[in-house]
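Observations on the three-dimensional arrangement
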Amino acid sequence: SDAAFVIAIDGPAAAGKGTLARRLADHYGFAFLDTGSLYRAVGLQMIIEGSDLDDAQKATETAARLDLGLIGDPRLRAEETGGAASRVAAVPGVRAALLDFQRQFAGHPPGDTAGAVLDGRDVGTVICPDAPVKLFVTASAEERARRRTLEMEGRGEAADYAAILEDVKARDARDMGRKDAPLKPAEDALLLDTTNLAIDAVFLRAKSFIDGKLSSRD
Ligand code: CDP
Ligand code: CDP
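Residues numbered from 1 in each chain as written. Chains lettered and ligands numbered in written order. Predicted model: local features only at pLDDT ≥ 70, side-chain atom pairs only at ≥ 80, totals over all residues. Heavy atoms only, no water.

Topic: the pattern of salt bridges
One pass over the structure, following the stated rule, counts 17 salt bridges. Between Arg148 and Glu151 there is a salt bridge, and its shortest N-O distance comes to 2.8 Å. One end of the pair is Arg148 and the other is Glu151, both in helix 7 (residues 141-154) and three residues apart, which spans about a single turn. For Arg148, a relative accessible area of 15% puts it in the buried group. (Salt bridge = Lys/Arg side-chain N within 4 Å of Asp/Glu carboxyl O. Helix = DSSP H or I, 4+ residues; strand = E, 2+ residues; numbered from the N terminus. Buried < 20%, exposed > 50% of the residue type's maximum accessible area, 1.4 Å probe, protein only.)

See the structure below:
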């Protein structure tokens with residue numbers, strides 16, 4: 001068939017989704033979308049405009065007129081923005097406003113590539129439930145907080161491991177506990193626990209799974 005081949009990657013914060021997604025997109029020549037950046041952009045726009053993060057109506061309006069230019073803003077990666085993203089992401093109107101863009105990207109990837117890699121929380125469960133490849137990437141909260149700490153230190157930012165661990169756990173609880181599109185593995189997802197797995201090893205496991213799916217395709 002000539003439908004775009006979709007690789008859906010979900011999992012909690014700092015599990016290694018983005019790193020894997022970029023490598024796979026590069027390897028297969030597929031387009032890549034970090035769906036979390038859309039929720040982060042909504043959160044950042046709310047912060048910039050001084051909006052109340054608990055105002056669901058405001059969050060929905062903000063998502064509907066989202067400034068995609070914010071995706072290149074350095075403030076997008078801040079932990080504060082991640083926290084704001086996970087709060088607005090619990091609002092059904094926000095999720096609905098971002099759905100079409102994500103489905104369009106998956107169905108008709110930019111640059112007419114043969115496939116697309118999307119990473120987030122609900123790609124395999126809600127955005128692309130028919131994706132031929134679904135990966136659920138996890139790691140312990142402690143390891144994920146350690147990675148975030150290293151990332152911040154690498155950018156020359158002050159990082160407090162204990163505070164980051166609390167943030168990671170709070171975000172996990174919000175993402176897994178919400179009613180609309182909660183974070184959970186799709187039934188047919190390959191689980192990849194990266195706690196003790198280097199990036200190369202994660203990539204090779206994903207690649208052999210994907211190559212199997214690609215070769216059994218009609
Ligand atoms: O996209 P997500 O938030 O899930 O995570 P990421 O940005 O891909 O990875 C978070 C950090 O963990 C990055 O600095 C990666 O280099 C690192 N990482 C790692 O140390 N080992 C892995 N197996 C995967 C990622
Ligand atoms: O990079 P990291 O894993 O820390 O977070 P992210 O992927 O940038 O996502 C930020 C927040 O957006 C998450 O905590 C989720 O609440 C939300 N999100 C979501 O609800 N659905 C997605 N498909 C992607 C992100």
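Having put the structure on the table, let's press on.
What to know about the site of ligand 2
Around ligand 2, the surrounding shell holds 19 residues, and the nearest of these are Arg40, Arg95, Arg148, Arg171 and Asp175. At a separation of 2.8 Å, an oxygen atom of ligand 2 approaches a polar side-chain atom of Arg95. Contact distances for ligand 2 include 2.8 Å between an oxygen atom and a side-chain N or O atom of Arg148. Against a free-state accessible area of 530 Å², the protein chains account for coverage of 97% of ligand 2. By residue number, the principal contributor to the shell around ligand 2 is helix 2 (residues 36-48), which donates three residues. (Near = heavy atom within 4 Å. Polar contact = N/O pair within 3.5 Å; in protein donor to acceptor, adjacent residues only side chain to side chain. Areas by Shrake-Rupley, 256 points an atom, 1.4 Å probe, with all protein chains shown as cover.)

Comments concerning the nonpolar core
If you look at the biggest cluster of nonpolar residues, it comprises 20 residues, and the most contacted ones within it are Ile7, Ile9, Leu20, Leu24, Leu135 and Ile210. Of all the elements in the fold, those that place two or more residues in this core are strand 1 (5-10), helix 1 (17-28), strand 4 (133-138) and helix 9 (199-215). Of all the elements, helix 1 adds the most residues to this core, at five residues. Leu24 has contacts with Ile7, Ile9, Val117, Leu135, Phe203, Ala206 and Ile210, leaving out every residue within four places of it along the chain. Ranked by size, the runner-up nonpolar core spans 19 residues in total, among them Ala41, Met46, Leu53 and Val91. (Core = buried A, V, L, I, M, F, W, Y, C linked by side-chain atoms within 4.5 Å. Contact = heavy atoms within 4.5 Å.)

A few points about the packing of helix 2 against helix 4 (residues 79-88)
One way to put it is that helix 2 packs onto helix 4 with a least axis distance of 7 Å and a crossing angle of 105°. Classed by the angle they form, the pair helix 2 and helix 4 counts as roughly perpendicular. For the pair helix 2 and helix 4, the contacting residues are Tyr39, Arg40, Val42, Gly43, Leu44, Met46 and Ile47 in the first and Glu80, Thr81, Gly82, Ala84, Ala85 and Val88 in the second. Residue composition of the contact of helix 2 with helix 4, grouped by class: eight nonpolar, three polar and two charged. (Axes fitted to C-alpha atoms, helices over the stretch in contact; angles between N-to-C directions. Parallel < 35°, antiparallel > 145°, perpendicular 65-115°, else oblique. Nonpolar A, V, L, I, M, F, W, Y, C, P; charged D, E, K, R; others polar.)

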